[in-house]
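Now for the letters of each chain:
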Amino acid sequence: EKGGYDYFMLKEIAEQPQAIADTLLGRLSERGDIVLDEVRLTDQDLRDVDKVFIVACGTAYHAGMVAKYAIEHWTRIPCEVELASEFRYRDPVLDRSTLVVAVSQSGETMDTLMALRHAKQQKARVLAICNTNGSTIPRESDAVLYTHGGPEIAVASTKAFLTQLVACYLIGLHLAQVRGVMYADEVAAVVSRLRRTPDALRELLGKMEDVRALARDLKSSSTVLFIGRHVGYPVALEGALKLKELAYMHAEGFAAGELKHGPIALIDKGTPVVCVVPSPAGRGVMRDKVVSNIQEVRARGARTIVIAEQGDDGVVAYADHLIEVPRTPTLLAPLMTTVPLQILACEIAAARGHDVDQPRNLAKSVTVE
Ligand code: M6R
């Protein structure tokens, strides 16, 4: 049942290229229209949207954070992402022209469901991104885009995360097209890059031996810090979450630019810092800023584990350990950069003798508030 893998988590990590391909399959017409599975939203409803809220928990929340960058960039609609457990308690401003996107693998997360119900009471439109057919969240939403990740058994979410990203990208592109902000050929150009990600990911998955060795090295660290900028920031948070939940180690993710406002004081001799470097293509300035953050932590004794694009030779001098990922457009990069962090957490947890698939104190689906 684990298909030859030691853990469901490793099997599910390996299934990610296929999960992405399946989630893309048949979803976009040449005109850039996406096929929503259950739709009670018209194109006119989508044209009327003047604000997007994404609500989710845990890993799904990190997918929402990435989505915010893509949705705002492509659609120019303001987009907020919020922890579902916080959303309704602060009386958010919602009305008919607000689109609330509820992201949930299980479709049964109570915090997300309660946020969705609150949004509906306030007359907002609700769109679910969900991996579980017929579950409560999609049933109560106005429209659904299912992720086709297949069943996810391990408590730690992996393939669900990548497919949630794909679904968010599709929704962003569709909104941009329906509202006339992007032309069909622009949408098609992004989609063609998306279609290439499964092969790129297969290539990356084939080169993860080093990460396994690194995991053995890091298993006794008292803390691991993660830094990133732009879409690399949620990736840093996701890397830290995985390590906490599986390895029971202290781990924290930071926006790289925030280091100097406090967290850099944590850096001591040998502190491992995982650095997610943006692609040098497109936003070179951002990449250079992260590289100088890497130099700063290194100067204070950090041991740097650098995740950078293939061919970004400028980072080599600052990396105690370099993990190269295939070239990908900036907004799509989390589909690559997250994967070594999943494997790192899984391998550290295994090296520490933990039950990777069933970490202590956690349930796969959190049906209490
Ligand atoms: O089923 P959901 O996507 O709504 O679950 C949300 C979180 O509970 C979930 O992503 C959790 O954070 C994972 N265990 C993280 O790996």
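Per an unreviewed UniProt entry, the chain carries the name Glutamine--fructose-6-phosphate aminotransferase [isomerizing] and comes from Mangrovihabitans endophyticus. The Catalytic activity (unreviewed entry) field of the UniProt record for the chain holds the comment "D-fructose 6-phosphate + L-glutamine = D-glucosamine 6-phosphate + L-glutamate". According to UniProt, the comment filed for the chain under the heading Function (unreviewed entry) is "Catalyzes the first step in hexosamine metabolism, converting fructose-6P into glucosamine-6P using glutamine as a nitrogen source."

Asker: Account for the overall build of the chain, with residues named and values stated.
Answerer: The number of helices and strands found in the chain is 13 helices and eleven strands. Projecting the C-alpha coordinates of the chain onto the three principal axes gives extents of approximately 55 × 40 × 40 Å. A total of 369 residues make up the chain; the buried ones form 58% of that total. In the chain, once contacts between residues fewer than 6 apart in sequence are set aside, the share between residues at least 24 apart is 75%. Of the roughly 14700 Å² of accessible surface on the chain, a fraction of 48% belongs to carbon and sulfur atoms. A gap of 2 Å separates the mean positions of the 42 positive and 47 negative side-chain charges of the chain.

Asker: Tell me what's going on with the site of the ligand, and back it up with residues and numbers.
Answerer: Near the ligand lie 13 residues; those nearest to it are Ser104, Gln105, Ser106, Thr109 and Glu245. Separating an oxygen atom of the ligand from a side-chain N or O atom of serine 104 is a distance of 2.6 Å. Compared with its free state, where it exposes 410 Å², the ligand has 90% of that area covered by protein. Contributions of two or more residues to the shell around the ligand are made by α4 (58-75) and α11 (232-247).

Asker: Before we move on, could you go through the sheet that holds strand β8 (residues 250-255) and cite the residues and values that matter?
Answerer: The five strands are arranged β8-β7-β9-β10-β11 in an open sheet whose pairing can be described as parallel. Strands with a single pairing partner mark the edges of an open sheet, and in this sheet they are β8 and β11 (321-325). Recorded for the sheet is a direction-independent mean angle of 15° between the axes of neighbouring strands. Its contacts with the sheet place helix α12 (residues 284-299) against β7 (223-228), β9 (272-276) and β10 (303-309), and it is angled at close to 165° to β10.

Asker: Can you break down the environment of tyrosine 5 residue by residue, with the values?
Answerer: Considering the arrangement of structural elements, one finds tyrosine 5 in the segment before α1 (8-14). The class of tyrosine 5 is partly exposed, set by a relative accessible area of 37%. Sequence separation between tyrosine 5 and phenylalanine 254 is 249 residues; the distance between their C-alpha atoms is 32 Å. With residues near it in sequence (within four places) discarded, tyrosine 5 still touches Leu10, Lys11 and Ala14.

Asker: Please provide a residue-by-residue account of the nonpolar core, values included.
Answerer: Grouped together as the largest cluster of nonpolar side chains are 93 residues, with contacts concentrated most on Ile54, Trp74, Tyr169, Phe226, Leu243 and Leu335. Residue contributions to this core peak at 13 residues, all from helix α8 (residues 159-178). Every residue in contact with phenylalanine 226, bar those within four places of it in the chain, is listed here: Ala236, Gly239, Ala240, Leu243, Ala251, Glu252, Gly253, Phe254, Val274 and Leu341. Of all hydrophobic cores here, the second largest spans 19 residues; its members include Phe254, Ala256, Val273 and Ala302.

Asker: I'd like to hear about the state of the cysteines, residue by residue, with values.
Answerer: The tally for this structure, following the rule as stated, stands at zero disulfides. Not engaged in a disulfide, the cysteine cysteine 57 finds its nearest cysteine sulfur in cysteine 130; these two sulfurs lie 13 Å apart.

Asker: Please provide a residue-by-residue account of the pattern of salt bridges, values included.
Answerer: For the coordinates displayed, the defined rule picks out 20 salt bridges. In this structure, aspartate 312 and arginine 287 form a salt bridge, with 2.7 Å as the shortest nitrogen-oxygen distance. Of this pair, aspartate 312 sits in the loop between β10 and β11 while arginine 287 sits in helix α12; the two residues are 25 residues apart in sequence, bridging distant segments of the chain. Using a relative accessible area of 7% as the deciding quantity, one classes aspartate 312 as buried. If you follow the salt bridges from partner to partner, you end up with Lys11, Glu15 and Lys159 in one network.

Asker: If you had to explain the packing of aromatic side chains to someone new, which residues and values would you point to?
Answerer: All told, the structure shown has two aromatic pairs when counted by the stated rule. With a centroid separation of 5.4 Å and 70° between ring planes, the pair formed by phenylalanine 53 and phenylalanine 87 is classed as edge-to-face. In this pair, phenylalanine 53 sits in strand β2 (residues 51-56) while phenylalanine 87 sits in helix α5 (residues 84-87), placing the two residues 34 residues apart along the sequence. As far as burial versus exposure is concerned, phenylalanine 53 and phenylalanine 87 are alike and both buried.

Asker: Kindly report on the pairing of strand β5 (residues 125-130), identifying the contributing residues and their values.
Answerer: Across the six residues that make up β5, a large majority, five, are buried. Of the pairings in the sheet, the one linking strand β4 (residues 98-104) to β5 comprises six bridges and is parallel in character. Within the sheet, the bridge partner assigned to valine 101 lies in β5 and is leucine 127. Between the parallel elements β4 and β5, the chain passes through helix α6 (residues 110-121) in a crossover that is right-handed.

Asker: Just give me the short version of the sheet that holds strand β6 (residues 143-146), but keep the residues and values in it.
Answerer: In spatial order, the strands read β1-β6-β5-β4-β2-β3; together these six strands make up an open sheet with mixed pairing. Both outer strands of the open sheet, β1 (38-39) and β3 (79-83), are each paired with one neighbouring strand and no more. Helix-sheet contacts for α4 involve β2, β3 and β4, and the interaxial angle to β3 is about 175°. Contacts between α6 and the sheet are confined to β2, β4 and β5, with β4 contributing the most and set at about 165° to the helix.

Definitions and limits used
- Residues numbered from 1 in each chain as written.
- Predicted model: local features only at pLDDT ≥ 70, side-chain atom pairs only at ≥ 80, totals over all residues.
- Heavy atoms only, no water.
- UniProt positions renumbered as here; feature names shortened; annotations may be inferred.
- Helix = DSSP H or I, 4+ residues; strand = E, 2+ residues; numbered from the N terminus.
- Buried < 20%, exposed > 50% of the residue type's maximum accessible area, 1.4 Å probe, protein only.
- Contact = heavy atoms within 4.5 Å.
- Areas by Shrake-Rupley, 256 points an atom, 1.4 Å probe, with all protein chains shown as cover.
- Lys, Arg positive; Asp, Glu negative; His and termini not counted.
- Charge placed at Lys NZ, Arg CZ, Asp CG, Glu CD.
- Near = heavy atom within 4 Å.
- Polar contact = N/O pair within 3.5 Å; in protein donor to acceptor, adjacent residues only side chain to side chain.
- Pairing = 2+ DSSP bridges.
- Axes fitted to C-alpha atoms, helices over the stretch in contact; angles between N-to-C directions.
- Core = buried A, V, L, I, M, F, W, Y, C linked by side-chain atoms within 4.5 Å.
- Disulfide = S-S within 2.5 Å.
- Salt bridge = Lys/Arg side-chain N within 4 Å of Asp/Glu carboxyl O.
- Phe/Tyr/Trp six-rings, centres within 6.5 Å; stacked < 30°, edge-to-face > 60°.
- Right-handed = clockwise from strand over helix to strand, strands pointing away.

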